[in-house]
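Descriptive structure summary
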Amino acid sequence: MSFAEILGGTISPDGNIREQAAHALEIAANENFPQYLLSLAQELANESGQDPVRSSAGLALKNALTSRDETRQIQYSQRWLQIDEGVRSQVKKSVLATLGSESRFAYTPAAQAISAITAIELPQGQWSDIIATLLQSVSSTSTSLRISSLQTIGFICESIDPEILATQSNTILTAVIQGANSEEPSQDVRLAAVTALYNSLEFVRINFENDGERNVIMQTVCEATQSPSTNVQVAAFECLVRIMQLYYDKMSFYMEKALYGLTVIGMKHEEENIALQAIEFWSTVCDEEIELQIEEDEARDFNREFERHNYRFAKTALSQVLPTLLFLLTKQDEDADEDEWNVSMAAATCLSLLAQTIGNDIVAQVIPFVEQNIRNPDWHYREAAVMSFGSILEGPDSSVLTPLVSQALPVLIEMVKDNEIQVKDSAAWTIGRVCDLLVECIQMDVHLHNLVSALVSGLEDSPRIVANCCWAIMNLAEQIGGAGDETCSLSPFFEGIVTTLMRITETNVNENNSRTSAYVTMATLANTGPKDTHPIIAKLGVAILDRLDATISGANQTVSADDRLALGELQSNLLNVLSNVSRTLGRQISEISDRIMTCVLQLLTSSSKQSVVAEDAFILVGALITALEGDFARYLESFSPFLHNALQTHEEYQLCSIAVGLIGDICRALGHSASPYCDQFMTILLQNLESDVLQRDVKPGILSCFGDIALAIGGRFETYIDVSFGVLMAACNLSANTQAIDYDTIDYNNALRLGIFEAFVGIVQGLKSDGKAQLVLPRIQDIFVFMSVVFADPNRSEEVTKTMIALVGDLASAFSNGELREPLQYDWIQAMIKEGRANPRGSYIRDIARWARDMVKQATGT
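We now turn to the structure provided with this report. Note that the structure is a prediction, hence the values are computed from the model and not measured.

Quick look at the overall build of the chain now. A tally of helices and strands in the chain yields 42 helices and zero strands. When each of the 862 residues of the chain is scored for burial, the buried share is 55%. A fraction of 72% describes how many contacts in the chain between residues 6 or more apart in sequence connect residues 24 or more apart.

Now for helix 21 (residues 379-391). Helix length check: helix 21, at 13 residues, gives a terminal C-alpha distance of 18 Å against a target of 18 Å (1.5 Å per residue), a fit within 8%. Within helix 21, twelve of the 13 residues are buried, which leaves it mostly tucked inside the rest of the structure. Listed in full, the buried residues belonging to helix 21 are Trp379, His380, Arg382, Glu383, Ala384, Ala385, Val386, Met387, Ser388, Phe389, Gly390 and Ser391. In this fold, the buried residues of helix 21 make contact with helix 18 (318-329), helix 19 (343-358), helix 20 (363-373), helix 22 (398-415) and helix 23 (421-437).

Here we take up a negative patch on the surface. Taken together, the side chains of Glu270, Glu271, Glu272, Asp333, Glu334 and Glu340 make up a negatively charged region of the molecular surface. Its location among the elements puts Asp333 in the loop between helix 18 and helix 19. In this structure Asp333 comes out as partly exposed when scored by relative accessible area, which is 41%.

Before going further, it helps to examine helix 29 (residues 561-585). The terminal C-alpha atoms of helix 29, which comprises 25 residues, lie 36 Å apart, in line with the 36 Å expected from a rise of 1.5 Å per residue. Immediately downstream of helix 29, the backbone of Gly586 shows phi near 60°, a positive value.

Among the nonpolar cores identified, the biggest contains 304 residues, and Met251 and Trp282 are the most heavily contacted of them. Broken down by element, this core gets its largest block of residues, twelve residues, from helix 14 (residues 230-247). If we skip the residues at most four places from it in the chain, Trp282 touches Met255, Tyr260, Thr263, Val264, Met267, Phe313, Ala314, Ala317, Val321 and Cys350.

Closest axis-to-axis distance for the helix 33 (residues 653-670)/helix 34 (residues 675-690) pair is 12 Å, and the angle between their directions is 150°. Put simply, helix 33 runs roughly antiparallel to helix 34. Where helix 33 crosses over helix 34, the handedness of that crossing is left-handed. On the side of helix 33, the interface is formed by Cys656, Val660, Ile663, Ile666 and Leu670, while helix 34 contributes Tyr677, Phe681, Leu685 and Asn688. Its residues assigned to classes, the contact of helix 33 with helix 34 comprises eight nonpolar, one polar and no charged.

It is worth spelling out the packing of helix 38 (residues 780-791) against helix 39 (residues 798-814) at this point. Running from N to C, helix 38 and helix 39 cross one another at 150°; their axes reach a closest spacing of 11 Å. Comparing their axes, helix 39 and helix 38 come out roughly antiparallel. Judged by the twist between their axes, the crossing of helix 38 over helix 39 is left-handed. Where helix 38 abuts helix 39, its residues Ile780, Ile783, Phe784, Met787, Val790 and Phe791 lie against Val800, Met804, Leu807, Val808 and Leu811. In terms of residue class, the contact of helix 38 with helix 39 is made up of eleven nonpolar, no polar and no charged.

To continue, consider the pattern of salt bridges. As enumerated under the stated definition, the model contains 32 salt bridges in all. Across the salt bridge formed by Arg464 and Asp425, the nearest N and O atoms sit 3.2 Å from each other. Remark: Asp425 occurs in helix 23 and Arg464 occurs in helix 25 (residues 463-480); sequence separation between them is 39 residues. On the basis of relative accessibility, which here comes to 17%, the residue Arg464 falls in the buried class. One continuous salt-bridge network, built from bridges that share partners, spans Arg88, Lys92 and Glu121.

Take Ser169: it is sitting in helix 10 (residues 169-180). Taking the C-alpha atoms as reference points, Ser169 and Arg205, 36 residues apart in sequence, are found 9.8 Å from one another. Residues within four places of Ser169 in sequence aside, it is in contact with Phe203 and Asn207.

Looking now at the environment of Asn360. Summarising the element assignment, Asn360 is placed in the loop between helix 19 and helix 20. Each C-alpha atom, one on Asn360 and one on Gly484, is 37 Å from the other, the two residues being 124 residues apart in sequence. Apart from residues lying up to four places away in sequence, Asn360 is in contact with Pro396, Asp397 and Val400.

Together, Lys834, Arg837, Arg841, Arg850 and Lys857 give the surface a local cluster of positive charge. Elements represented by at least two residues in the positive patch include exactly helix 41 (827-837) and helix 42 (844-860). As for its position among the elements, Arg837 is in helix 41.

A few words on the packing of aromatic side chains. What characterises a pair of aromatic rings is the spacing of the ring centres plus the angle enclosed by the ring planes. Using the criterion set out here, one finds 19 aromatic pairs in the structure. Where Phe208 meets Tyr247, the ring centres are 3.9 Å apart and the plane angle is 5°; that geometry is what we call stacked. Taken as a pair, Phe208 in helix 12 (residues 205-209) and Tyr247 in helix 14 lie far apart in primary sequence, 39 residues in all. Since its relative accessible area comes to 0%, Phe208 is described here as buried. Judged by centre distance (5.4 Å) and plane angle (55°), the rings of Phe618 and Phe639 are tilted. Here the residue Phe618 occupies a position in helix 31 (residues 612-628), and Phe639 occupies one in helix 32 (residues 633-647), the gap between them amounting to 21 residues. Take Phe618: its relative accessible area is 2%, and that puts it in the buried class.

What follows deals with the environment of Trp80. For Trp80, the position within the fold is in helix 5 (residues 70-81). Counting along the chain gives 15 residues from Trp80 to Leu65, while the straight-line C-alpha distance between them is 7.3 Å. The residues touching Trp80, leaving out its near neighbours within four places in the chain, are Leu37, Leu65, Arg88, Val91, Lys92, Ile117, Ile120 and Glu121.

Another aspect to go through is the side chain of Asn750. Following the sequence through the fold, Asn750 ends up in helix 37 (residues 743-769). Using a relative accessible area of 9% as the deciding quantity, one classes Asn750 as buried. Apart from residues no more than four positions distant in its own chain, Asn750 is found in contact with Asn795, Arg796, Ser797 and Val800.

This part takes up unusual backbone geometry. Located in the positive-phi region is Arg312, a residue other than glycine, with phi close to 50°. Note that Arg312 resides in the loop between helix 16 (272-301) and helix 17 (313-316). The class for Arg312 is partly exposed, based on a relative accessible area of 37%. At Asn512, a residue that is not glycine, the phi angle is positive and equals roughly 55°. Here Asn512 is to be found in the loop between helix 26 (491-504) and helix 27 (514-528). Accessibility expressed as a relative area gives 26% for Asn512, which makes it partly exposed.

Take the state of the cysteines next. Summed over the entire model, instances satisfying the criterion amount to zero disulfides. The cysteine Cys222 is free of any disulfide, with Cys239 supplying the nearest cysteine sulfur at 10 Å. Classification of Cys222 as buried rests on a relative accessible area of 14%.

Calculation criteria
The numbers attached to residues start from 1 for each chain and follow its sequence in the written order. Only residues with pLDDT of 70 or above have their local features reported here, since the model is predicted, and side-chain atom pairs are shown and tallied only from 80 upward, although totals for entire chains, interfaces and linings are computed over all residues. Note: side-chain values were computed over all heavy atoms of the structure, leaving out hydrogens and water. Secondary structure elements are defined from DSSP: runs of H or I of at least 4 residues count as helices, runs of E of at least 2 residues count as strands, and each element is numbered from the N terminus. The buried label goes to any residue with under 20% of its type's maximum accessible area, the exposed label to any with over 50%, and the partly exposed label to all in between, with areas taken from a 1.4 Å probe on protein chains only. Any two residues having at least one pair of non-hydrogen atoms within 4.5 Å are treated as being in contact. In this analysis, the expected span of each helix is defined as 1.5 Å times one less than the number of residues it contains. The patches reported here contain residues having more than 30% relative accessible area and no salt bridge. Joining distances are 9 Å for like charges and 5 Å for nonpolar side chains (Val, Leu, Ile, Met, Phe, Trp, Tyr). Areas reported as accessible are Shrake-Rupley estimates using a 1.4 Å probe. Residue values count occlusion only from the protein chains shown. Here a salt bridge means any side-chain nitrogen of Lys or Arg lying within 4 Å of a carboxyl oxygen belonging to Asp or Glu. When charges are counted, Lys and Arg are positive and Asp and Glu negative, with His and the chain ends excluded. Charge coordinates come from a single atom per side chain, which is NZ of Lys, CZ of Arg, CG of Asp or CD of Glu. Only buried residues count toward a nonpolar core, which is a set of Ala, Val, Leu, Ile, Met, Phe, Trp, Tyr and Cys residues joined through side-chain atoms within 4.5 Å. Each axis is a line fitted through C-alpha atoms, and for a helix only the stretch in contact is used; angles between axes span 0 to 180 degrees, taken between their N-to-C directions. Roughly parallel means an angle under 35 degrees; roughly antiparallel, over 145; roughly perpendicular, 65 to 115; everything else is oblique. Left-handed is the label given to a crossing in which the near helix is rotated counterclockwise from the far helix by less than a right angle, and right-handed is the label when the rotation is clockwise. When residues are grouped by polarity, Ala, Val, Leu, Ile, Met, Phe, Trp, Tyr, Cys and Pro land in nonpolar, Asp, Glu, Lys and Arg in charged, and all others, Gly among them, in polar. In this scheme Phe, Tyr and Trp rings, the latter by its six-membered ring, pair at centre separations within 6.5 Å, and the angle between planes marks the pair as stacked below 30 degrees, edge-to-face above 60, and tilted otherwise. Whenever a pair of cysteine sulfur atoms sits within 2.5 Å, that pair is classed as a disulfide.

What follows is the structure, encoded as structure tokens:
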């Protein structure tokens, strides 16, 4: 089979052929990666090749160079840079030449491949002339070359750090604006330029700070919304959406001068794609102003000055935007697929965001529309009335909404049985919103019976209705379910709901995710059921286990890739239900735990490391460990090989993270009996910390796991004390020297600190339990130094603060004879405990702080 034929196989409608082709490409890449890239580049550049094959070649080339996973991207970059420079030059020459192709199926993936290469090489100071080459091509007489070059520039600007091209930003912007302006004769070139501008909007941040340059950009985009080309208009509105996201603070002048009118007119445009982007503009305005309000409230709560300004564009435009949205709600397409985004869906989303932005003021303007149309004989208006009512349930005060919801609820329940499927669907969704946001409006003795009856009836309706009925039942269970209580208002209906859910999931049909929704609802009911429903939950567990058994027995009959995917999804659903059944029943699950573990081991034997089934199987094991506690020990010998394998599967970080959590579960459940397994656990955990492949988000959990092990085995942790503290102090140094450059870094640093402090807490408590706390004394000063650094950081999270206070209390308790008298009297220690005690009464952090204060007093004799 030729390389072109293999590439053609990757886009075959036959799933088996696609799988074989993908496997063949994988083999080619593994056997000789440089030759693999050359072959892809040659097929991409082959002007006599078929368009789908060329496109597939370009996509495979790009995918060999880029990954969304940060760790994998580093590996891909290193792999490319290690290739002989001559080979790399040949690949770059081929993809650059392809930009001159007349086929967009070739030049667009070529542009993407060039962007992928530049993202690797430009930061290394390589291929430094690429921008100049592309800018020269933008001035070409060839329309296709101009288009492809503009595309490439946009992709590069989107994917690379702006500082790397800072010296060329003006020439890039000039070329893009020139291609996008109204004097450009080719609308195709104009479309490519506007799209490139969209991709480079973050890149031109410095230009946006300059009034003159910003005016030129905004004028160009606004003029493009009036282009004779629909595609250019859509791209221009997309630009406006992105500009509002990035540069809200600069938009006041342009809103007044043009954007209010342009976007409201755009919402009414007969071309749906234009209307969708104009609606999205106002959704984005609302998103920004909701976030601004949150930031302003936080600043007020912490007595900080709020430095930005909320222009309240949404409130200003309400009288123009709201009537348009309500009108668009009536433009449903009865033949449209439920997942197909259209103007009525977009309008509903925008209305919901508008309600969250404006609050109470929107209610009085929407309710007349609801009252006027809720009984309209035309289903379009009935559905629009229901949808508009459901869309404003979040944002306004509950005191304003409660009387309206109480009055509307009987009508909504009745409408779940409407003759039109769209009306039924929206009524079920609106009831779900009520159950989620305003459950206090449901009078249990008046509404609940009819409400549950309507939703259960809806479960046996069209698959489209099932998903929203399931969602409503889940919300109801979460709000009024009585987990841990003797009974709840939902208890009398519990068996009927579960029976119906089991019946509708007997088929292999998962249209509109109806079967998945039903299983998720079962899992929620199992998780929230009060004690009087436990017999029903136990029966549910057995029935679900029977189904899981059947899927394993019938797995050999699953041939196609699509069938295997569907089987995996079903097994994941069943495992999730069993996990919640196990958590709720506790030790009672032991009646079927042997069967459960047999199924789990069979699944882990047959599933791949990349399988979601493996992750869900591990989650179920965690639930079993918590439920069975020490009795789980009888399964450890057979389960341990799978656990060790998952811990060492660094590429699948989610599975590895779950496995790390299982070590903690096992230690907490087995206590001292976990000792025989701890050498292997510690060895693998330490290897994981040193891994460059394992995603960093897993590592804080590994540190915390040291504390779980120490708590379990007590004084026996002495064996690991030196290596553990070596790793923990290295983590302390890393955390202390991490700069808060962005929110992701702050969040990760807080997670890292939490892992460190949880480890210290577990180690101190564990060693103290066997009278070996003195082993910590040589490291005490370093611990206090790190705590002082963290306490001085304004970005520390409340969880970190709570755990630090707990650690202070544990240290004071462990050394109550004055060994730590001096450090425990540091001013910052007292300030931290005082901060914890300032929390509201009944809060956990306040209770911890009070306990820590008492321990410190005893340890210092004050």
